Structure formats: structure tokens, C-alpha cells
Amino acid sequence: MLAAGQRVRVKLDWPETRGPCHIRTPHYLRGRTGVVERHLGRFHNPEDLAFARAAAVLDLYHVRFDQPAIWGEGASGDAIVVEIFETWLEAA
Amino acid sequence: MSVLQADSDKLLTAVARLLHEKNIVSPDEITERRAFTDAANPGQGARMVARAWVDAEYRALMLADGAKAAEALDIPMRGMPPLGVLENTPLLHHLVVCTLCSCYPRAVLGYPPFWFKSAAYRAKAVRDPRGLLADWGTRIQAEVQVRVVDSTADYRWMVLPVRPVGTEGWDEARLAKIVRDGDMIGVTVPSA
Amino acid sequence: MEQDLPRAHHDMGGVSKFMCDAVDTTDHVLTDFDRDVDAIRGLLGAKKVMSVDELRRGIEAIPEAEYHRMTYYQRWIRSIADNLMARGVITEAELRAALEGA
């Protein structure tokens, strides 16, 4: 399990290009690096629930990202915090 | 033409009839469910905020487990997603959005408002949050960090605003009256 | 920049074409249609006929031009009908017949 404060990268992956899918990781975070805020719990994978398939239980994290770094605009110090499943995170 | 492109009112009538015929959903159940959903409103969340402003123990419970804190005030949470509570401070302001759909803390605030579901809100909140707040006339000082919470998964999020100055000595009921839905999403801040 | 990203049309965070307009902050009262659709979705979820994830998948499957023409709950009822057929709860023939009489 990932610990609070750990740096992580969101996978740079586009399942949208490979056929029907349901993705809960916003496009603007793909490939971005952030910091784990905390573990939120374990929940069924929505990517399978959406198709009424058997769904694995996954760790869900709150991950914090520097807001201006994502857009190249914004106020220094502002942040975006997003729920992301373990399958979308890799060590950074 | 796909059957799914039928007129929406007709689609509703047809689906409701089929669900009734198949004993899956009855018209009475729809009426009951509407009444249950209509009963949730921003007044519920406002009661939680007011209690947290006057009761440190309750505040700690609310920040640790929003659903338990809601249930402690007799707000029904059965079957509802976990509720996370985001604590604003004089140096930190939270703003909740769902860029992928419209996840909203319905158990404590009721139906999501039109603006929360709009494309403009969903686009702007993560990219230009301070500009978005200006659409409400809300200005957050430069030294205050804005944290946008994009609600993408199993939690629902509400904001615990800072208790406004000028409310010293107010009781809970009076405090609850000044807390609006926007304050608990972070597009506005309460004032005395 | 974002034009190069293969984002799905419901994935709206930061998308330039939605950034220019001020948000309509006024109240919009829900109609009976809206409340009925909302209630049916809630009941189908509680009865495990259809999950909220399936609702979302069905909404995301609506072609982009139609998606933007439709109201929020119009998308919902379309997704509900789509999912009920996908699950085999109702058939397309049953739905067509029921629409004739609607």
C-alpha cells in the first residue's frame, strides 16, 4: 500500500483509444506526478462495474497535484486533489 | 433511428411501464423514492456545519467520518457513498467539482444544482478555480491556497467552511441559517 | 495542447471550449420528468438491477453532438433504457412496443 507523502505518477495511458471503456482517471492527469495525501479505502473497480463484469477490489488514494503545473497557468501554491485507483498509479 | 433516440418523455413512460409490468419498480415506489430524495436538502449539511462550529468533538468526528457525523444528526446515510469532509482554514480553501459527471454529496445537500452539472463549471473548476469563484463574486485572498477536489470515485465531498467573524455567541440554529449549499461546495463563503 | 489528447467527451476538466462562458449560477427547478428519472435510477440501484457505474457508462456512450443537445436527465433515461436492454431486463421489441403506446 502507498504511504502518505509518497510521490506517484499517473499512468500515461489512453484506454479510450482501444475501444469501449469507462475511466475514472481524468484526462488532464495522465502522465502527471503528484503526492499521496492518504489512503481512502478499498472499492470495486468501476472500469468493470460499468460493464456489469466481476470487479476486483482496489486501493483508492487521494492524490494531490500542483495545479499551475498541470495547466501552465494559475496561482502558485494552488492544488488539485483527486481520488485515483492503485491500478493507475506508479512510483515516481 | 435507434430506439434510444426516442422522445425522452415517451422513453420515460415506456421504461416506467415495462418496469411496472415486470414487477421491478412500481409507480408507488417511484412516488416514495421521490419523497425520500426531496427530503435531502442543504439544510442537512448546514446543521452539520453549525454543530462543528460550536462542538470540537463533533468537528473531529465530522472530519474523520462524515457519514457517522451525518447519522449522529439523524440524517439518513444508509446505502449512501462514504462522505468526506474538507476543512477550510484561514489559509486553505476547498472547492469541489466532478469533471467526469456530477458526483455530489446528495445525502447532505440534496439534488445537485444546475451549475454543478454544467460543462462550464466542470471545465473551469480545475483549470481556473479563482476565475470560477469570480462568477459567484467570491474572492479568495492570494495568500490562501485553493484546493480543488475533483470527485472521481467512491467518496462524496463536502466543505466545512470557516466560521465567519461576527457570529460570536450565536447558537447552532442561528448559525445553520447562514450556511448555503454553495458554501459547502466552496463556490461561496458564509457571512454573518 | 488538449486537442491532441484522446479524451472522451464527458471528461471536461480544463477543456478550452467550455472555459469562456460564465457559469449559470441561477437555480433551475427540477421538473416531474427529472424527479421521476432520478427516482427510477435510485430504485434500480437499490434493487441491484443496474449500478451507478453502468448509468455513467451509458451516458458516456451517447454520441457527443447528442450528449450536448440533451438535458441532464434526458441523458439518464436514455442510459437507463440502454442498460436495461444490455442487461436483458427488457428487450428492444418490448421497448418499441411500449413507445408506440406512450
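Preceding this paragraph is the structure being described.
The residue numbering used here restarts from 1 in each chain and proceeds along that chain's sequence as written. Whichever chain is written first becomes A and whichever ligand is written first becomes 1, with later ones labelled in order. Only residues with pLDDT of at least 70 are given local features in this predicted model, and only at 80 or more are side-chain atom pairs given and counted; all residues enter the totals for whole chains, interfaces and linings. The basis for every side-chain value is the complete set of heavy atoms in the structure, and neither hydrogens nor water enter the calculation.

1. Some details on the interface of chain C and chain A
Phase 1: Of the residues lining the interface, 16 residues belong to chain C; the matching set on chain A comes to 18 residues.
Phase 2: Between chain C and chain A the total buried area reaches about 1,400 Å² when both faces are included, carbon and sulfur atoms providing 61% of it.
Phase 3: Polar contacts, as used here, are pairs of N or O atoms within 3.5 Å; protein pairs need one atom able to donate a hydrogen and one able to accept it. Residues neighboring in sequence count only if both atoms are side-chain atoms. Counting across the interface, chain C meets chain A through four residue pairs in polar contact (both at pLDDT 80 or more).
Phase 4: Grouping the amino acids of the side of chain C that touches chain A by side-chain chemistry returns four nonpolar, four polar and eight charged. We call two residues in contact whenever any of their non-hydrogen atoms come within 4.5 Å of each other. Summed over both partners, the accessible area (1.4 Å probe) lost when two parts come together is defined as the buried area. The classification used treats Ala, Val, Leu, Ile, Met, Phe, Trp, Tyr, Cys and Pro as nonpolar, Asp, Glu, Lys and Arg as charged, and all other residues, Gly among them, as polar.

2. Quick notes on helix α1 (residues 32–46) of chain C
Phase 1: Here a helix means four or more residues in a row that DSSP labels H or I, a strand means two or more in a row labelled E, and each is numbered from the N terminus. By this rule the span expected of a helix is its residue count minus one, scaled by 1.5 Å. Counted at 1.5 Å a residue, the expected span for α1(C) with its 15 residues is 21 Å, and the 21 Å between its end C-alpha atoms agrees.
Phase 2: Packed against the buried residues of α1(C) are α1 (8–21), α2 (27–39) and α6 (106–109) of chain B together with α2 (52–60) and α4 (72–86) of chain C.
Phase 3: Where α1(C) ends, the next residue or the one after it, Lys48(C), has phi of about 60 degrees, a positive value.

3. Concerning the interface of chain B and chain C
A common measure of how large an interface is: the accessible area buried when the components associate.
Phase 1: Of the residues lining the interface, 52 residues belong to chain B; the matching set on chain C comes to 56 residues.
Phase 2: In this assembly, chain B packs against chain C so that about 4,800 Å² is buried in total across both faces, 67% of it on carbon and sulfur atoms.
Phase 3: The three residues of chain B that bury the most area against chain C are Val3(B), Leu4(B) and Arg34(B), which together make up 13% of that side's buried surface.
Phase 4: In the sections that follow, a salt bridge refers to a side-chain nitrogen of Lys or Arg positioned within 4 Å of a carboxyl oxygen of Asp or Glu. Our count for the contact surface shared by chain B and chain C stands at six salt bridges.
Phase 5: Linking chain B to chain C there are 17 residue pairs in polar contact (both at pLDDT 80 or more).
Phase 6: Where the side of chain B that touches chain C is concerned, the elements lending two or more residues are α1, α2, α7 (114–117) and α8 (119–127) of chain B.
Phase 7: Counting residues per element, the side of chain B that touches chain C draws most heavily on α1(B), which supplies twelve residues.

4. What to know about the pairing of strand β2 (residues 92–97) of chain B
Residues and elements named next belong to chain B.
Phase 1: The cut-offs for exposure are 20% and 50% of the maximum accessible area for each residue type, with area from a 1.4 Å probe on protein chains only; residues under the lower value are buried, those over the upper are exposed, and the others partly exposed. Buried residues dominate β2, accounting for six of its six residues.
Phase 2: On β2, burial covers both faces: Leu92, His94 and Val96 on one face and His93, Leu95 and Val97 on the other are all buried.
Phase 3: In this scheme, strands are said to pair when DSSP sees at least two bridges between them. The pairing of β2 with strand β3 (residues 145–150) spans six bridges and is parallel. Its bridge partner being in β3, His93 is matched across the sheet by Val146.

5. Here we look at the pairing of strand β3 (residues 57–66) of chain A
Residues and elements named next belong to chain A.
Phase 1: Within β3, seven of the ten residues are buried, leaving the element largely enclosed by the surrounding structure.
Phase 2: The pairing of strand β2 (residues 33–44) with β3 spans eight bridges and is classified as antiparallel. From the neighbouring strand, Val36 faces β3, where its bridge partner is Val63.
Phase 3: The pairing of β3 with strand β4 (residues 79–85) spans seven bridges and is classified as antiparallel. Within β4, the residue paired with Val63 across the bridge is Val82.

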